[in-house]
Structure formats: C-alpha cells, structure tokens
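Structural description and commentary
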Amino acid sequence: MIERFLATFRLWFAPQRLQQEGSTPDYRFSLANERTFLAWVRTALALVAGGMAVDQFLTGMVWGVRTTISLALLAGGALCALRAVNHWVRCERAMRRGEDLPATRFPALLGTATALAALLVVAAVLLGRAGS
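Below is a short write-up of the structure. (Residues numbered from 1 in each chain as written. Predicted model: local features only at pLDDT ≥ 70, side-chain atom pairs only at ≥ 80, totals over all residues. Heavy atoms only, no water.)

**Considering the overall build of the protein chain**
A tally of helices and strands in the protein chain yields five helices and zero strands. Taken from the N to the C terminus, the helices and strands of the protein chain come in the order α-α-α-α-α. Its C-alpha atoms give the protein chain a radius of gyration of 19 Å, clearly above 14 Å, the size a compact globule of 132 residues would have. Principal-axis analysis of the C-alpha atoms places the extent of the protein chain at approximately 65 × 30 × 20 Å. With 132 residues in all, the protein chain has 30% of them scored as buried. By element, 67% of the accessible surface of the protein chain is carried by carbon and sulfur atoms, the whole surface being about 8900 Å². Looking at the protein chain, you have 14 positive and 8 negative side-chain charges, and the mean spots of the two groups are 6 Å apart. (Helix = DSSP H or I, 4+ residues; strand = E, 2+ residues; numbered from the N terminus. Rg over C-alpha atoms; globule rule 2.2 N^0.38 Å. Buried < 20%, exposed > 50% of the residue type's maximum accessible area, 1.4 Å probe, protein only. Areas by Shrake-Rupley, 256 points an atom, 1.4 Å probe, with all protein chains shown as cover. Lys, Arg positive; Asp, Glu negative; His and termini not counted. Charge placed at Lys NZ, Arg CZ, Asp CG, Glu CD.)

Dropping the structure here:
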C-alpha cells in the first residue's frame, strides 16, 4: 500500500511519466478531470478561508472552541487540496489505461466533517448567547 502511494505521489510532480502510460484519452475527459480538480481546490480554499475567518472574527467565542473549529477547517482544507491532486492523478491514470475510475469515500468524509464543523459553530454561538 505504501509503495502504491509513493508511486502515485511521484506522478504528482512528473506528469510526463503519466503520459507514458496507456493511450491518450479523449481530451474532453481530461478536461473534465481538470475541472473536477479545480473544484476540489476551490473547496480547499473555502475551507482555509473559513478556518481563518473563524479564528479572526469569532473573537467572542471561547478560545479553545474557536481554535478547535479553526484548526479543523484548516486541516480539512489541507487534506482537500492534497486529495485533489491525488484524485486527479488516479483518474487520469485510469482513463489512460482504460480502467474504471477510482472509487473514493473522501466526498462523504469531507461533507460529514464540514457539517460537524458547522454544527460546532452553531452550538458555540448559541451557547455563547445563552451565557450572555
């Protein structure tokens, strides 16, 4: 498993090696793969911005709660950005080889984590107002 990850990781920085595998897919599929990659990167940027906003603008919130929510969003953004690159490479390789696209649980994980972070913010805001 580690060897497979390292092989994929090396392709992140050497796309010319990826082009040597299989045959060139229809350019429309490659472009769709890139658009999906960019959507994941936008999501990562939004999570990073959200993490920064929680830290900077919810100063009335208890420090530990604010920091926990902020760090969770920032970590989610970092994971999302890394996953974007990994998923792009895996999909491009599968298309070049004529294989099925790789299955992933990441959207469910990201959605669940984002919902949890939102619920934590709602609870912190409500508890903060109740304590006022």
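**Considering the nonpolar core**
In terms of nonpolar packing, the biggest core is built from 13 residues, with Trp40, Leu47, Ile69, Leu73, Cys80, Phe106 and Leu110 touching the most fellow members. Elements with a minimum of two residues in this core: α3 (27–57), α4 (63–97) and α5 (106–130). Residues contacting Leu110, with those up to four places away along its chain left out, are Trp40, Thr43, Leu47 and Cys80. Counting residues in each nonpolar core, the second largest holds five residues, with Leu11, Trp12, Leu18 and Val89 among its members. (Core = buried A, V, L, I, M, F, W, Y, C linked by side-chain atoms within 4.5 Å. Contact = heavy atoms within 4.5 Å.)

**Topic: the side chain of Glu21**
Secondary-structure assignment places Glu21 in the loop between α2 (15–19) and α3. With residues up to four places along the chain from it excluded, the contact list for Glu21 reads Leu11, Arg93, Arg96 and Arg97.

**Re the layout of surface pockets**
Space inside the largest pocket adds up to approximately 250 Å³. Lining the largest pocket are Met1, Arg4, Phe5, Thr8, Arg83, Asn86 and Arg90. Of all the secondary-structure elements, those providing two or more residues to the lining of the largest pocket are α1 (2–12) and α4. Residues that form the lining of the largest pocket fall into these classes: two nonpolar, two polar and three charged. (1 Å grid on protein atoms, 1.4 Å probe; cavity = no way out; pocket = protein on both sides within 12 Å on 5 of 7 lines; lining within 4 Å. Points joined across faces, edges and corners; volume = space filled by probe spheres on them. Nonpolar A, V, L, I, M, F, W, Y, C, P; charged D, E, K, R; others polar.)

**Focus: the pattern of salt bridges**
Summed over the entire model, instances satisfying the criterion amount to five salt bridges. The partner of Glu21 in a salt bridge is Arg97, with the nearest N and O atoms 2.8 Å apart. Taken as a pair, Glu21 in the loop between α2 and α3 and Arg97 in helix α4 lie far apart in primary sequence, 76 residues in all. Assessed through its relative accessible area of 43%, Arg97 is described here as partly exposed. One salt bridge connects Arg28 with Asp26, and the closest N-O pair in it is separated by 2.4 Å. Residue Arg28 is classed as exposed on the basis of its relative accessible area of 52%. The exposure class of Asp26 is partly exposed, given its relative accessible area of 26%. (Salt bridge = Lys/Arg side-chain N within 4 Å of Asp/Glu carboxyl O.)

**Structural notes on the packing of aromatic side chains**
This structure, assessed with the given rule, holds four aromatic pairs. With centroids separated by 5.5 Å and ring planes inclined at 75°, the aromatic side chains of Phe9 and Phe13 adopt a geometry described as edge-to-face. On the basis of relative accessible area, Phe9 is assigned to the partly exposed category, the value being 31%. The rings of Phe9, Trp12 and Phe13 are connected pair by pair, giving a single aromatic cluster. (Phe/Tyr/Trp six-rings, centres within 6.5 Å; stacked < 30°, edge-to-face > 60°.)

**Re a nonpolar patch on the surface**
On the surface, a cluster of nonpolar side chains totalling about 530 Å² of accessible area is made up of Ile2, Phe5, Leu6, Phe9 and Phe13. Classification of Phe5 as partly exposed rests on a relative accessible area of 43%. (Patch = residues over 30% accessible without salt bridge, like charges linked within 9 Å, V, L, I, M, F, W, Y side chains within 5 Å.)

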